[in-house]
Amino acid sequence: MEEKERFLQPASPEERRRYYREEWNVKDIPDFISNSIIQREFGFDHMGRGPNDRYRVFRSMDLLRKFLRYRAPFAAYSSVAFYKKPRRRDGWIKSELVFDVDAKDIPIRECGCAGVCEICLNQAREIVCSLMDTLKGDMGLKDMHVIYSGRGYHLRVFDEEVMELDSDVRGQIVQYIIGAEVPKNEYAQDGMTYKLEHFTIPFGYPKVFTQRTKYAILHLKDHIQIDDINKKLLKDAIKNQDILREDKWGIFKGKIGPQRYQRLIKSIASLNMGLVDAKVSIDLKRILRLPSSLHSMVSMKCMEVKDIGKFDPFQDAVPKFVFERKSK
Amino acid sequence: MVSVAFINPFSEEGRQIVRELGDLNSVYEENGDLIDLVIHSRSQDISDDESIPHNLIDLAIKRLEWYIKKKNNPDFDYKKYSYLYNPKITRFDVIAFYLLSQAISVKFGPNSRESRAMAESQGKLMESRLGELSLRDRKHLLSTILGSLLIGDVKWTTLGDLLSSRKIRLPDLVMSHGNLILDEEEFAESFQDKLENRDSHKMYELLIGDHIKELILNKMIMQKTENYITDVYKKSQRKVEPNPILLDLADRISEVLNEPIISYGYRGTEKKMEASPFDTEAFPPCVKMVLDGIKSGGRNDAIILFLTPFLSYARLYPDVFRRNITLKVSDVDPQLEAVEKEILPLIYEAAERCTPPLFEDQPQEKVNINAKMGFGMHSEIELKHEGETTWYTPMGCEKVKLHLPSLCKPDEICKKIGNPLSYYIRRLNDIKYSKNSKTD
């Protein structure tokens, strides 16, 4: 079997059974799940048609272990929410703050592939790193766990001060960390108005926006189509990418032209909304793929990433049965 | 020195004033001290006795009237309300504030038009009062009140309520490692080494300075006002009979709030908006996009969560947000004719235009459309099921951006509104206005 055909192919029911019986270990489920198992709702997809077996609860890790071993589901999920009565999704206590970065949905993808590939998965990894920097540097959040989901990453935040926040605040956090709006560029003091472009302000939201915009511009390619950015503007932005690598924003803006620059950053701000799936972040009762479970659609392990700098999904998240497909 | 209660009625000084009030019935008694203070306030117009509050209930009404007239009346006369800017009025003003808040709590409750008006009027009054004070008094009050509301290192999450109600937006705040940066020293310590060739003081003044502190203070007091109304409302639910003085005041509050609808109007926007057939020309860009069919992911959210509430409210109850009264579909469309002949066909056509057509692979979603209009989880819309589910109100623009970011392609009007339904009303009025102008 060819190398690329081995990876990212759906797992057969037999492969799923082998995974859960021979490779999977209940100890691979992170402590943040096992320590709160009785407060979480679990959901399963048995046929590959979506997680319609929901409202499941497990009183112990051993019961969960037996369930997964025996049923070898197509996909397994657990809630981000903690409940007093998880079987009825009742008595909400708190929810993890979650950011879902899916490689196939990244708005500016260098690869242009149809599904996911090494290039866009690496982009997803870079995006997660930058989101973590903002959550830590600006918002002071520390208790973060990165999960490789099979086709991207889940960033799960457990700092107590954000776990009780409602959907509206979570929505604002998403918009802040992804740079979803162009910062204002006029500031007033004592009746005078001063113009300050986002790239001249090295802190706060303007800094976040500058970082996300730089990332987007540096990943622009000829084949990418963006609303309100015509071919000439795209070409000029790509031509001047090197200027931005050295953070010479003023020169870059000058080369593009002030009005076209505004158009460019406005379009990028709107594209940034696609960096994470905001619906996941604002949904307090979402179920997320269970770390250690199998993403059967692509035959990848959903797993906690301890060192995101060194993580390589094609090395670390491929189940053994995929490598053994070769010998068939 | 100006009392902190002049700006913050929730301060200890403010509470002390309330404790000293004594008999509630005294609020109707002619108050010579109050009248004297009013007529001796700088710039106060005393030519019309109607402008002068004679007792604390009068003052409470004037306080709200000031906000409503200032907001709606192009000929608003500032001199009729000068006493409201006089710091000496504090001991009466605080009582008036609590009378208004309690009356609104017991009669209208939280999340009402009256409750919103109360919080907004408090915010506007604080803003105007701070603006009238000397710089020294203003800075002193700002630091004293903020110092009592925000103690020690302030985490941004402390402002969770304000962020949740969008009174404050995260991009307006400057944060470092979770702390809200408000003081210049903190600012310098956090960012000075990043500010190459820039004047740290100037940057602080421009990006934070007193304007962000005032914004936070203002919004915190507004939030406290809303929370207070909620608390009193909850307590009042346990009591059998509210005080008649408060109920009487509540009726007068309604009259004040209804006045702009009767007197001013704005090309019809303050008038009651009746149910009327669709004018698709007035639909916002996001709705037009969904009506053309969704080509990729998000079909369900676009048709069920977004389009169904929008179309049903646009057709049947367009001024739901302004009137703030909960209705059922059948209250407006008793025979469900508009639902069946106008609303559902538009929704179904949009669903059909999706790729793939929504009901082709998910026919069960028709039930969800019925549910979002309040008719329960049933395959047919029937009056006997109405009320089993809630008639969903249309998503606001912020929610659309989060749920369905690809739909948000704002035009010039979008910048002025916060909900696609407001866009529709605005455009309807514009279209009507321009037709009338042509006729004239």
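All values reported here derive from a predicted model rather than from experimental measurement.

### Quick notes on the domain arrangement of chain B
Residues and elements named next belong to chain B. The assigned domain composition of chain B is domain 1 (4–178 + 199–263) and domain 2 (280–439). Each of domain 1 and domain 2 was reduced to a C-alpha centroid, and the two centroids are 37 Å apart. At the junction of the two partners, domain 1 supplies five residues and domain 2 supplies four residues. Buried area between domain 1 and domain 2, both sides added, is near 300 Å², and the carbon and sulfur share of it is 32%. In this assembly, domain 1 and domain 2 are joined by one salt bridge. Taking the shortest distance from any N to any O, the salt bridge between Arg-166 and Glu-398 comes out at 3.6 Å. Remark: the boundary between domain 1 and domain 2 carries zero residue pairs in polar contact (both at pLDDT 80 or more). Looking at the side of domain 1 that touches domain 2, its residues break down into no nonpolar, two polar and three charged.

### Comments concerning the sheet that holds strand β14 (residues 303–305) of chain A
All names here are of chain A. Strand order in the open sheet formed by four strands is β6-β8-β7-β14, with antiparallel pairing between adjacent strands. The sheet is open, and its two edges are formed by β6 (97–102) and β14, each paired on a single side. Taking the axes of each pair of neighbouring strands and ignoring which way they run, one obtains an average angle of 30° across the sheet. Sitting on the sheet, helix α5 (residues 118–137) touches β6, β7 (144–148) and β8 (152–157), and the angle it makes with β8 is about 15°.

### Here's the deal with the pairing of strand β3 (residues 75–79) of chain A
Residue and element names in this part refer to chain A. Burial analysis of β3 places five of its five residues in the buried class, which makes it a mostly covered element. With four bridges joining them, strand β1 (residues 42–45) and β3 adopt antiparallel strand pairing. Looking at the pairing, Gly-43 lines up with Tyr-77 of β3.

### Here's the deal with α5 of chain A
Since the α-helix advances by 3.6 residues per turn, residues separated by three or four positions end up pointing in the same direction. When the terminal C-alpha atoms of α5 of chain A are compared, their 28 Å separation across 20 residues agrees well with the 28 Å that a helix rising 1.5 Å per residue should span. All of the buried residues along α5 of chain A are Cys-120, Leu-121, Gln-123, Ala-124, Arg-125, Ile-127, Val-128, Leu-131, Met-132, Thr-134 and Leu-135 of chain A.

### Thoughts on the interface of chain B and chain A
On the side of chain A, 33 residues touch chain B, which itself brings 33 residues to the contact. For the pair chain B and chain A, the summed buried area comes to about 3200 Å², and 61% of that belongs to carbon and sulfur atoms. It is Trp-156, Leu-206 and Leu-402 of chain B in chain B that bury the most area against chain A; as a group they hold 20% of the surface buried on that side. If you look at where chain B meets chain A, you find two salt bridges. A salt bridge links Glu-181 of chain A to Arg-169 of chain B; the nearest nitrogen and oxygen atoms lie 2.3 Å apart. Here chain B and chain A share 13 residue pairs in polar contact (both at pLDDT 80 or more) between them. At the level of secondary structure, the elements contributing two or more residues to the side of chain B that touches chain A comprise α7 (160–164), β1 (175–176), α8 (184–191), α9 (200–207) and α19 (397–403) of chain B.

### Describing the pattern of salt bridges
Following the criterion strictly, the structure yields 50 salt bridges over all chains and no others. Here Glu-22 of chain A ties to Arg-18 of chain A by a salt bridge, and the two come within 3.6 Å at their closest N and O atoms. Remark: Arg-18 of chain A and Glu-22 of chain A occur in helix α2 (residues 13–23); sequence separation between them is four residues, near one turn of the helix. Since its relative accessible area comes to 26%, Arg-18 of chain A is described here as partly exposed. For Arg-19 of chain B, the salt bridge goes to Glu-12 of chain B, with nearest N and O atoms at 2.5 Å. Members of the salt-bridge network, linked through shared partners, are Arg-18, Glu-22 and Glu-324 of chain A.

Procedures and definitions
- Numbers given for residues are sequential positions, taken from 1 along each chain in its written order.
- Lettering for chains starts from A, numbering for ligands starts from 1, and both go in the order in which the items are written.
- Under the rules for a predicted model, residues below a pLDDT of 70 receive no local features and side-chain atom pairs below 80 are neither given nor counted, while totals for whole chains, interfaces and linings still include all residues.
- By convention in this description, side-chain values take in all heavy atoms of the structure and omit both hydrogens and water.
- Domain limits in this description derive from either an automatic procedure or a database domain assignment.
- Only heavy atoms enter the contact rule, under which two residues are in contact if any of them lie within 4.5 Å.
- Once two parts are put together, the accessible area they lose, assessed with a 1.4 Å probe and summed over both, is termed the buried area.
- Take a side-chain nitrogen of Lys or Arg and a carboxyl oxygen of Asp or Glu: if they are within 4 Å of each other, that pair is a salt bridge.
- Under this definition, polar contacts are N or O atom pairs within 3.5 Å; protein pairs additionally need one hydrogen-donor-capable and one acceptor-capable atom, and for neighbouring residues in sequence, both atoms have to be side-chain atoms.
- Each residue gets one of three labels, nonpolar for Ala, Val, Leu, Ile, Met, Phe, Trp, Tyr, Cys and Pro, charged for Asp, Glu, Lys and Arg, and polar for the others, Gly among them.
- Strands are treated as partners if at least two bridges between them are detected by DSSP.
- Think of it this way: any DSSP run of H or I at least four residues long counts as a helix, any run of E at least two long counts as a strand, and we number them from the N terminus.
- Working convention: axes come from line fits to C-alpha atoms, limited for helices to the stretch in contact. Angles between N-to-C directions cover 0 to 180 degrees.
- Partly exposed residues are those whose accessible area sits between 20% and 50% of the maximum for their type, while under 20% is buried and over 50% is exposed, using a 1.4 Å probe and protein chains only.
- The span you would expect from a helix comes to 1.5 Å times its residue count less one.

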